[in-house]
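Residue-level structure breakdown
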Amino acid sequence: MWSEDLPNGKVRFVERYTDPMTGKQKKISVVLDKNTATTRKQAQAALADKISDRLGDLSAQTKNADLRLSDLVDLYRKSQSITVAKSTYSRNYHAANTIMQLLGKSTLVSQLNAAYVKDRFLAHGDSAGTFNERLTRFKALIRWGYENEYIEDIRYLDKIKPLNDKEKKEKLQNKFLEPEELKILLDAMTVIKWRYLSELTVLSGMRCGEAIALHMSDVDFKKKTIFITKTYDAVNKVITPPKTACSNREVYMQPELRDLCKKIRKYTLAGKLKYGYHTDLFLCDANGEHLDYYAYNKYLGEVSMRTLGRKITTHVMRHTHVSLMAGAGVPLDTITRRVGHENSDVTRDVYLHITERQKEREREQLDTVNIL
């Protein structure tokens, strides 16, 4: 270790270390107020800690047989904190906690295998849907570790198959509304802002957060286009980029959607005059602020339970858009781009369900036809 006097009177203490990845010498330093026997000891300890941290980070990047599950989760979270939306980070944070609880924090990642993971997940006694969701999160974690050189072999992942989720198949029809159900629901909505928000998501296929984040400038009536460039994170109450890269998109305003957007714009401008707020939002509350997602979801659940006999969520409105588009004969690829989905099982399942039902009706019609 050596010292260097700085122009401001302080002292920089410097030490060299060898980068094990390149074999090259590197320097690391720490600045203290003066150069005394005491500060030299402090500097030496601080430099040793810094070098240890640097070497620890490098060794973590190599395939490590001693890597424990909790260590992998910490590394995963550190990466996700700067690469994903806060809402996604929060979801994965809690999912990782459950995974560590089931598999054991101290479990060596290199010793994980298909039988162990499956047995521990099944032992918790969750439904097939929960098992499959947990498995998806676990595989994402392990694949991230493999892609970032923390894990050497992950071939066992292919041996762990999702469970047959009969309940999911039976409840597919509850993921969207039939046209007559939609009419009943909307007619029962007496709070105009919630009705407008419902109609907006149904006619555009937007996520609720995307609709809440819209600004006046995002709705271009001349180009007949809504530009989706952001979403509202209701948990952290911040605006973030859309959920995925393909979520950043343009939604064409068909006549019905265009008429609705004109009504919403008029409603918001009237609110600005009435309440005196200043806002750039396309649809807002009485203070000119973002609509409360949780208040809307609660209202939607209460009205749907009263009128339809079942509680629906905001995502049902989005899936209803998919079903209506499918019923109108719009191709799946077009619908997928419109709703900003890269690969959604629900979108595909709803689409196939609607188109298959149409085929059944066509067959029934043909059964009644006599040609000769």
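Rules used in this analysis
- Residues numbered from 1 in each chain as written.
- Predicted model: local features only at pLDDT ≥ 70, side-chain atom pairs only at ≥ 80, totals over all residues.
- Heavy atoms only, no water.
- Helix = DSSP H or I, 4+ residues; strand = E, 2+ residues; numbered from the N terminus.
- Rg over C-alpha atoms; globule rule 2.2 N^0.38 Å.
- Contact = heavy atoms within 4.5 Å.
- Areas by Shrake-Rupley, 256 points an atom, 1.4 Å probe, with all protein chains shown as cover.
- Lys, Arg positive; Asp, Glu negative; His and termini not counted.
- Charge placed at Lys NZ, Arg CZ, Asp CG, Glu CD.
- Salt bridge = Lys/Arg side-chain N within 4 Å of Asp/Glu carboxyl O.
- Buried < 20%, exposed > 50% of the residue type's maximum accessible area, 1.4 Å probe, protein only.
- Phe/Tyr/Trp six-rings, centres within 6.5 Å; stacked < 30°, edge-to-face > 60°.
- Pairing = 2+ DSSP bridges.
- Core = buried A, V, L, I, M, F, W, Y, C linked by side-chain atoms within 4.5 Å.
- Axes fitted to C-alpha atoms, helices over the stretch in contact; angles between N-to-C directions.

1. Digging into the overall build of the protein
Across its full length, the protein carries 14 helices and eight strands. Here the C-alpha radius of gyration of the protein, 28 Å, is well above what a compact globule of 372 residues would show, namely 21 Å. Across its three principal directions, the C-alpha atoms of the protein cover 100 × 60 × 35 Å. Sequence-distant contacts in the protein: of pairs separated by 6 or more residues, those separated by 24 or more amount to 56%. Roughly 21,600 Å² of accessible area belongs to the protein as shown, and the carbon and sulfur atoms make up 50% of that amount. Here the protein carries 62 positive and 48 negative side-chain charges, and the mean point of each set is 3 Å from the other.

2. Some points on the pattern of salt bridges
Taken as a whole, this structure holds 13 salt bridges when the rule is applied. Between Lys183 and Asp187 there is a salt bridge, and its shortest N-O distance comes to 2.9 Å. Taken as a pair, Lys183 and Asp187 lie in helix 7 (residues 179–188) at a separation of four residues, close to a single helical turn. Accessibility expressed as a relative area gives 54% for Lys183, which makes it exposed.

3. Structural notes on the packing of aromatic side chains
Aromatic ring pairs are defined here through the distance separating the ring centres and the angle between the ring planes. Counting across every chain of the model gives nine aromatic pairs. A ring pair is formed by Phe121 and Phe131, whose centres lie 6.1 Å apart and whose planes are at 85°; its orientation type is edge-to-face. In this pair, Phe121 is assigned in helix 4 (residues 114–123) and Phe131 in helix 5 (residues 128–147), connecting sequence segments ten residues apart. Phe131 shares its class with Phe121; the two are buried. Between Tyr196 and Tyr267 the ring centres are 5.5 Å apart and the planes differ by 80°, which places this aromatic pair in the edge-to-face class. Taken together, the residues Tyr196 in helix 8 (residues 192–204) and Tyr267 in helix 10 (residues 255–275) connect sequence positions 71 residues apart. Under the relative-accessibility criterion, Tyr196 is labelled buried at 13%.

4. Let's talk about the sheet that holds strand 4 (residues 219–220)
One open sheet holds the three strands; their spatial order is 4-5-8, and the pairing between them is antiparallel. In the strand order of this sheet, the two ends are held by strand 4 and strand 8 (249–252), each with one partner. Pairing of strand 4 with strand 5 (residues 225–228) involves two bridges; the strand directions are antiparallel. Across the sheet, Val219 pairs through a bridge with Ile226, a residue of strand 5.

5. Quick notes on the nonpolar core
Side chains of nonpolar character tend, in soluble globular proteins, to be buried together. Among the nonpolar cores identified, the biggest contains 41 residues, and Leu185, Leu197, Leu200, Ile226, Leu257, Cys261 and Met317 are the most heavily contacted of them. Counting residues per element, the ones that place at least two in this core are helix 7, helix 8, helix 9 (208–213), strand 5, helix 10, helix 11 (293–308) and helix 12 (314–327). Top contributing element to this core by residue count: helix 8, with six residues. Residues contacting Leu197, with those up to four places away along its chain left out, are Cys208, Ala211, Ile212, Leu283, Leu291 and Tyr296. Within the second largest apolar cluster, 27 residues are counted, among which are Leu102, Val117, Phe121 and Ile142.

6. Re the side chain of Ser198
Tracing the sequence through the fold places Ser198 in helix 8. Judged by its relative accessible area of 0%, Ser198 falls in the buried class. Excluding its chain neighbours within four sequence positions, the residues that come into contact with Ser198 are Leu186, Met189, Tyr296, Leu300 and Met317.

7. Digging into the sheet that holds strand 3 (residues 25–32)
Taken in spatial order, the three strands line up as 1-2-3 in an open sheet, and their pairing is antiparallel. In the strand order of this sheet, the two ends are held by strand 1 (2–5) and strand 3, each with one partner. For this sheet the average axis-to-axis angle between neighbouring strands, irrespective of direction, equals 30°. The pairing of strand 1 with strand 2 (residues 11–18) spans four bridges and is classified as antiparallel.

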